[in-house]
Amino acid sequence: MAETVITSVIVLIGIAPIIIIGIVQYRSKNPVGFWSGKEPPKREQVTDVKAYNRKHGLMWILYGIGFILCFVCRFPLGGEVAAILCIIEVMGGLFGMIAYHNLLNRRYYKKDGDS
């Protein structure tokens, strides 16, 4: 029982920043960034800042929830299955987030001719 409590606390401490990033991005008034070290777009470059930020925020929140679900799957399915699910979540989720970020950039960045 103690092992489960300690592990749960560690998982929540590790996942909390991901979900907090999502909440902060969801509520942000200025365009948010995705890549570390790269400046986020300027307000003038994005057609709908609110939608752009909300979709980025939801992406991070869902990524964090995916980790929590992997951890919860440990109880009925066992540790080995949960570990495999976590590997899939990390790799698949990361590539999915990159693809979704690129999609959002194509959808919300102003084209050269836009005013």
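Residues numbered from 1 in each chain as written. Predicted model: local features only at pLDDT ≥ 70, side-chain atom pairs only at ≥ 80, totals over all residues. Heavy atoms only, no water.

Draft legend 1. Focus on the overall build of the protein chain. Helix and strand content of the protein chain: 3 helices and 0 strands. Element order for the protein chain, N to C, with α for helix and β for strand: α-α-α. Radius of gyration (C-alpha) of the protein chain: 17 Å, far over the 13 Å computed for a compact globule of 115 residues. In terms of principal-axis extent, the alpha carbons of the protein chain reach across some 60 × 20 × 20 Å. Scored against the burial criterion, the 115 residues of the protein chain give a buried share of 29%. In the protein chain, the proportion of contacts linking residues at least 24 apart, taken out of those at least 6 apart, comes to 68%. For the protein chain, the accessible area works out to roughly 7600 Å², and carbon and sulfur atoms hold 68% of it. (Helix = DSSP H or I, 4+ residues; strand = E, 2+ residues; numbered from the N terminus. Rg over C-alpha atoms; globule rule 2.2 N^0.38 Å. Buried < 20%, exposed > 50% of the residue type's maximum accessible area, 1.4 Å probe, protein only. Contact = heavy atoms within 4.5 Å. Areas by Shrake-Rupley, 256 points an atom, 1.4 Å probe, with all protein chains shown as cover.)

Draft legend 2. Examining the nonpolar core more closely. In this structure, Ile15, Ile18, Ile19, Phe34, Met59, Trp60, Tyr63, Phe67 and Met97 together form the largest nonpolar core, which totals 9 residues. For this core, the secondary-structure elements that each account for two or more residues are α1 (2-27) and α2 (49-77). It is α2 that contributes the most residues to this core, 4 residues altogether. In this structure Phe67 touches Ile15, Ile18, Glu89 and Val90, once residues within four positions along its chain are discounted. Within the second largest apolar cluster, 7 residues are counted, among which are Val32, Val49, Ala51 and Tyr52. (Core = buried A, V, L, I, M, F, W, Y, C linked by side-chain atoms within 4.5 Å.)

Draft legend 3. Examining α1 more closely. If you check α1, its first and last C-alpha atoms are 37 Å apart, about what 26 residues at 1.5 Å a residue would give, namely 38 Å. In the structure, α1 departs most strongly from a straight axis at Ile15, where the bend amounts to approximately 35 degrees and where the proline Pro17 lies between one and four residues downstream. Burial in α1 covers these residues: Ile15, Ile18, Ile19, Gly22 and Gln25. On its buried side, α1 packs onto α2. (Expected span 1.5 Å × (residues − 1). Bend = angle between axes of the 7 residues up to and from the residue.)

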